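Descriptive structure summary
The primary structure of each chain is shown beneath.
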Amino acid sequence: MRGNAGGSEIAVYDVNGDGLKDVVTALSAHGYGLAWYEQKRDAAGKITFVEHMIMDAPPASNPGDVTFSEPHGSTFADMDGDGIPDFVVGKRFWAHKDSYLDPDPNGAAVLYVYRTVRKASAPGGAEFVPELVHNWSGAGSTILAADLNKDGAMDLVTATKLGSYVFWGKARGKKAGSGQR
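These numbers come from a predicted model, not from an experiment.

What follows is about the pairing of strand β11 (residues 163-167). As defined by bridge partners, strand β10 (residues 155-160) adjoins β11 across 5 bridges and the pair is classed as antiparallel. Along β11, the bridge assignment pairs V157 with V166. Counted along the chain from β10 to the antiparallel partner β11, the turn is 2 residues long.

Structure representation (structure tokens):
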């Protein structure tokens, strides 16, 4: 799907903790694919990027066996309280009405948080662990991540053809990264 128009939004943050900003994005807003691009610099300071797939098109084997099309809306925020941004993305359900131009237009309108986990043994020094938020809301064109009720937990808001949704995060105690939402 890399020949398509690309994603709709990108996240820029230090994915692997090496002090360099990396890029996380959808590869095709109306197709398949998520990837992160690890920033590299040579001795002369020349910048290059190395692609690391997060979720590829079927029949690829993806983390958590998660595959969905039309990853149009996305954002990034520290969803698990570990101090590292996570990538939030979902399917834009029936983006082109009933034209059947998009792959899998009837697939579940899912919303996922891909937790950024720094792990030296993973390609590029990090992996993305998918956690399902909802299986019938989707992502629409954009997602808002904010602490709406000021309880210390990140909340998610999305509006789609299936309605508008608020997903209230669960406040955590002093222990970060509990994985609860």
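Turning to the sheet that holds strand β9 (residues 143-146), a few remarks are in order. The strand order across the open sheet built from 3 strands is β9-β10-β11, with neighbouring strands paired in antiparallel fashion. Among the strands making up the open sheet, the edge pair consists of β9 and β11. Mean inter-strand twist for the sheet, computed between neighbouring axes without regard to direction, equals 10 degrees. Judged from the 4 bridges that link them, β9 and β10 form a sheet pairing that is antiparallel. Paired with I143 across the strands is T158, a residue of β10.

Our next topic: unusual backbone geometry. Glycine aside, negative phi is the norm for most residues, and most peptide bonds take the trans geometry. The peptide bond linking P58 to P59 adopts the cis configuration, its omega dihedral lying at 10 degrees. Unlike most non-glycine residues, D65 shows phi in positive territory, near 55 degrees. With respect to the helices and strands, D65 occurs in the loop between β4 (47-55) and β5 (74-77). Relative accessible area serves as the criterion here: at 69%, D65 is assigned to the exposed category. Of note, the phi angle at D104 is positive, near 55 degrees, even though the residue is not glycine.

Glancing now at the pattern of salt bridges. Scanning the model with the defined rule gives 5 salt bridges in all. In this structure, E38 and K40 form a salt bridge, with 3.3 Å as the shortest nitrogen-oxygen distance. With relative accessibility at 6%, the residue E38 sits in the buried group. The salt bridge partner of E131 is R115, with a shortest N-O separation of 2.5 Å. Of this pair, E131 sits in strand β8 (residues 126-134) while R115 sits in strand β7 (residues 111-118), and the two are 16 residues apart along the sequence. Overlapping salt bridges bring together D80, R115 and E131 as one network.

Procedures and definitions
- Residues numbered from 1 in each chain as written.
- Predicted model: local features only at pLDDT ≥ 70, side-chain atom pairs only at ≥ 80, totals over all residues.
- Heavy atoms only, no water.
- Pairing = 2+ DSSP bridges.
- Helix = DSSP H or I, 4+ residues; strand = E, 2+ residues; numbered from the N terminus.
- Axes fitted to C-alpha atoms, helices over the stretch in contact; angles between N-to-C directions.
- Buried < 20%, exposed > 50% of the residue type's maximum accessible area, 1.4 Å probe, protein only.
- Salt bridge = Lys/Arg side-chain N within 4 Å of Asp/Glu carboxyl O.

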